[in-house]
Amino acid sequence: MHLQIRVNPAASPPDVHKLLGRLAEGGVNLVAIGGSNVEFGGELAIVPQDGHEDATYAVLDKFKYGYRVLSVDGDDGLALCEVPNKVGGLHGCLEDLARDNRARGRIIRDIVIGVPDDTMRARQVVPVQVYSQSGSNPAGPGGETAS
């Protein structure tokens, strides 16, 4: 889960179900997916299983989907947390990330929760990708609206 592919599912008309069908036909297994406004011009964030990246790109290229690739190892705003499956686990991940985001002038765009593999299940953690981008929050630091 060290990369995320952000794709506009427009295939005239926009159709998430068509994109997912094409990926399935291409042999792509997704371990996480998320997004907002995905059939209204938004992006669908997909995470292929390790080793399925080339098959994913082949499907997206074949059907001319616009996409971009983010990497946890890059400086493009994608972070991966292995969140303990317990009360407050996600909060801890986001608290650490918020500190880093403030220093970089970023805010969270979206969160994608994945399917843990066998190793993660044994450790009782869940993979969570958080995508942040440059911007400012119109609310104050505690989420309150400035007056």
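Enquirer: Honestly, the overall build of the chain in this entry has me stumped. Any pointers?
Expert: Scanning the chain from terminus to terminus reveals four helices and seven strands. The order of helices and strands in the chain, counted from the N terminus, is β-α-β-β-α-β-β-α-β-α-β. Counting across all 147 residues of the chain, residues that qualify as buried make up 36%. Within the chain, contacts between residues at least 6 apart in sequence are counted, and of these 64% link residues at least 24 apart. Element-wise, carbon and sulfur atoms account for 52% of the exposed surface of the chain, whose accessible area totals about 8,600 Å².

Enquirer: I tried to follow the sheet that holds strand S3 (residues 44–48) on my own but got confused; where do I start?
Expert: Note: strands within a sheet are paired through backbone hydrogen bonds, in either parallel or antiparallel orientation. Pairing in this open sheet of four strands is antiparallel, and the strands run S2-S3-S1-S4 from one edge to the other. In this open sheet, the two edge strands, each paired with only one partner strand, are strand S2 (30–35) and strand S4 (67–71). The sheet shows a mean angle of 25° between the axes of neighbouring strands, direction not considered. As paired strands, strand S1 (residues 3–7) and S3 are joined by three bridges and run antiparallel to one another. By the bridge assignment for S3, Arg6 is matched with Ala45.

Enquirer: When you look at helix H2 (residues 53–62) in this model, what are you seeing that I'm missing?
Expert: Helical geometry: 3.6 residues make up each α-helical turn, so side chains three or four residues apart lie on a common side. Taken residue by residue, H2 has Glu53, Thr56, Val59 and Leu60 as its buried positions. For H2, the angular spread of buried residues about the axis comes to 125°, placing them on one side. Of the exposed residues in H2, the ones pointing more than 90 degrees away from its buried face are Asp54 and Lys62. Taken together, the buried residues of H2 touch S1, helix H1 (16–25), S3 and S4. The positive-phi residue at the C-terminal boundary of H2 is Lys64, with phi of around 60°.

Enquirer: Would you explain the nonpolar core in this entry?
Expert: Nonpolar side chains in soluble globular proteins tend to be buried together. Ranked by internal contacts, the top residues of the largest apolar core, which has 13 residues, are Val7, Leu19, Leu23, Leu44, Ile46 and Leu60. At the level of secondary structure, the elements contributing two or more residues to this core comprise S1, H1, S3 and H2. Residues in contact with Leu23, not counting those within four places in the same chain, are Val28, Leu30, Ile46, Thr56 and Val59. Ala79, Cys81, Cys93 and Val130 belong to the second largest nonpolar core, which has seven residues in total.

Enquirer: Can you walk me through the sheet that holds strand S6 (residues 106–113) in this structure?
Expert: Read from one edge of the open sheet, three strands run S5-S7-S6, paired in antiparallel fashion. Of all strands in the sheet, those with a lone pairing partner are strand S5 (78–84) and S6, marking the two edges. Between one strand axis and the next, the sheet turns by 30° as a mean value, whatever way the strands run. One ladder, built from seven bridges, connects S5 with strand S7 (residues 125–134); its direction is antiparallel. Bridge pairing in S7 links Ala79 to Val130.

Enquirer: Just to check I follow, could you spell out the packing of aromatic side chains for this structure?
Expert: Aromatic ring pairs are described here by two measures, namely the spacing of the ring centres and the angle between the planes. Taken as a whole and assessed by the stated rule, the structure comprises one aromatic pair. A ring pair is formed by Tyr57 and Tyr67, whose centres lie 6.0 Å apart and whose planes are at 10°; its orientation type is stacked. In this pair, Tyr57 sits in helix H2 while Tyr67 sits in strand S4, placing the two residues 10 residues apart along the sequence. Judged by relative accessible area, which is 28%, Tyr67 ranks as partly exposed.

Here is what the cut-offs are and how they apply
Residues numbered from 1 in each chain as written. Predicted model: local features only at pLDDT ≥ 70, side-chain atom pairs only at ≥ 80, totals over all residues. Heavy atoms only, no water. Helix = DSSP H or I, 4+ residues; strand = E, 2+ residues; numbered from the N terminus. Buried < 20%, exposed > 50% of the residue type's maximum accessible area, 1.4 Å probe, protein only. Contact = heavy atoms within 4.5 Å. Areas by Shrake-Rupley, 256 points an atom, 1.4 Å probe, with all protein chains shown as cover. Pairing = 2+ DSSP bridges. Axes fitted to C-alpha atoms, helices over the stretch in contact; angles between N-to-C directions. Arc of directions from axis to C-beta. Core = buried A, V, L, I, M, F, W, Y, C linked by side-chain atoms within 4.5 Å. Phe/Tyr/Trp six-rings, centres within 6.5 Å; stacked < 30°, edge-to-face > 60°.

Function cannot be read off these values alone, since they describe shape.
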